[in-house]
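Read off the chains here:
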Amino acid sequence: MRLFIAVNFNNEIKSRLVQIRDRISAQSLKGNFSRPENLHLTLVFLGETPEDQVPAVCSIMAGAQRTLSLRKFTLDFAHTGCFRRSNKELWWIAAEKTDPGLGVLAELRRRLSSGLLAAGIVFDKRPFNAHITLGREIKHPAPIILPREKITAPINRISLMKSEHISGVLVYTEIFALELKQG
Ligand code: 2AM
């Protein structure tokens, strides 16, 4: 199964993200825009993972939460941008570099990485880039202009997600979650 560990967002945050997504879409000729329910931030991408490794991944997540005494926190998003892939673009909104919440997330990612490495579980080791993908394969005729606004997202849980195509639609399903306690 194709797995990733992610931060999901509540409906209020998702609708604010959708407003930004729609502004990009309105200025584009074409693009594959993220469905509201799919908006997330990937913490660790595991990719194709044998099903019998899922319990180990869950216990590594729980161990990381315990070691860090991880509590509810917030993440600020304000910085939009894109990655160019051939002649198309993937647009994202990223966590602010100076946000203390990003430090919490980066520390969690380090803990998860070392647990996964020790257990011999394969994952994507490229440097962490805390972003939410708003749309892929975007082409636009003129520079995209977006208002700068800050979105402060409450982070109450960390989720293990399964990714699959169902009848041609990309569907993410939470299969395990760490509930974070009040800070
Ligand atoms: P992206 O949004 O920048 O494409 C589910 O596919 C999630 O895992 C997406 O958030 C995706 O990031 C992320 N991801 C990270 N590394 C990936 C990889 N090597 N292949 C596919 N998705 C990856």
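So, how was this worked out
- Residues numbered from 1 in each chain as written.
- Predicted model: local features only at pLDDT ≥ 70, side-chain atom pairs only at ≥ 80, totals over all residues.
- Heavy atoms only, no water.
- Phe/Tyr/Trp six-rings, centres within 6.5 Å; stacked < 30°, edge-to-face > 60°.
- Helix = DSSP H or I, 4+ residues; strand = E, 2+ residues; numbered from the N terminus.
- Buried < 20%, exposed > 50% of the residue type's maximum accessible area, 1.4 Å probe, protein only.
- Expected span 1.5 Å × (residues − 1).
- Arc of directions from axis to C-beta.
- Contact = heavy atoms within 4.5 Å.
- Polar contact = N/O pair within 3.5 Å; in protein donor to acceptor, adjacent residues only side chain to side chain.
- Axes fitted to C-alpha atoms, helices over the stretch in contact; angles between N-to-C directions.
- Parallel < 35°, antiparallel > 145°, perpendicular 65-115°, else oblique.
- Left-handed = near helix turned anticlockwise from the far one by under 90°.
- Nonpolar A, V, L, I, M, F, W, Y, C, P; charged D, E, K, R; others polar.

Quick notes on the packing of aromatic side chains
As enumerated under the stated definition, the model contains three aromatic pairs in all. Between Phe9 and Phe77, the ring centres sit 5.8 Å apart and the planes meet at 85 degrees, which makes this aromatic pair edge-to-face. Taken together, the residues Phe9 in the loop between strand E1 (2-8) and helix H1 (11-26) and Phe77 in strand E4 (residues 73-85) connect sequence positions 68 residues apart. A residue is classified by how much of its surface remains accessible, and Phe9, at 6% relative accessible area, is buried. Residue class for Phe77 comes out buried when judged on its relative accessible area of 1%.

Observations concerning helix H3 (residues 100-119)
Taking 1.5 Å per residue, 20 residues should reach 28 Å; H3 reaches 29 Å between its end C-alpha atoms and fits that length. Looking only at H3, the buried set comprises Gly101, Leu102, Leu105, Ala106, Leu108, Arg109, Leu112, Ser113 and Leu116. Looking straight down H3, one finds that the buried residues subtend no more than 160 degrees of arc, so they occupy a single side. The exposed residues of H3 that point more than 90 degrees off its buried face are Pro100 and Ala118. Against E1, strand E3 (40-48), helix H2 (54-68), E4, strand E5 (88-95) and strand E8 (157-166) lie the buried residues of H3. In this structure Asp99 caps H3, since a side-chain oxygen of it lies 3.0 Å from the backbone nitrogen of Gly101.

Quick look at the packing of H2 against H3
Orientation of H2 relative to H3, taken along the N-to-C sense of each, is 135 degrees, at an axis distance of 9 Å. What the angle tells us is that H2 and H3 run oblique. Judged by the sense of rotation from one axis to the other, the crossing of H2 with H3 is right-handed. Along the contact surface, H2 presents Val57, Ile60, Met61, Ala64, Thr67 and Leu68, while H3 presents Glu107, Leu108, Arg111, Leu112, Gly115, Leu116 and Ala119. Residues of the contact of H2 with H3, tallied by class, amount to nine nonpolar, two polar and two charged.

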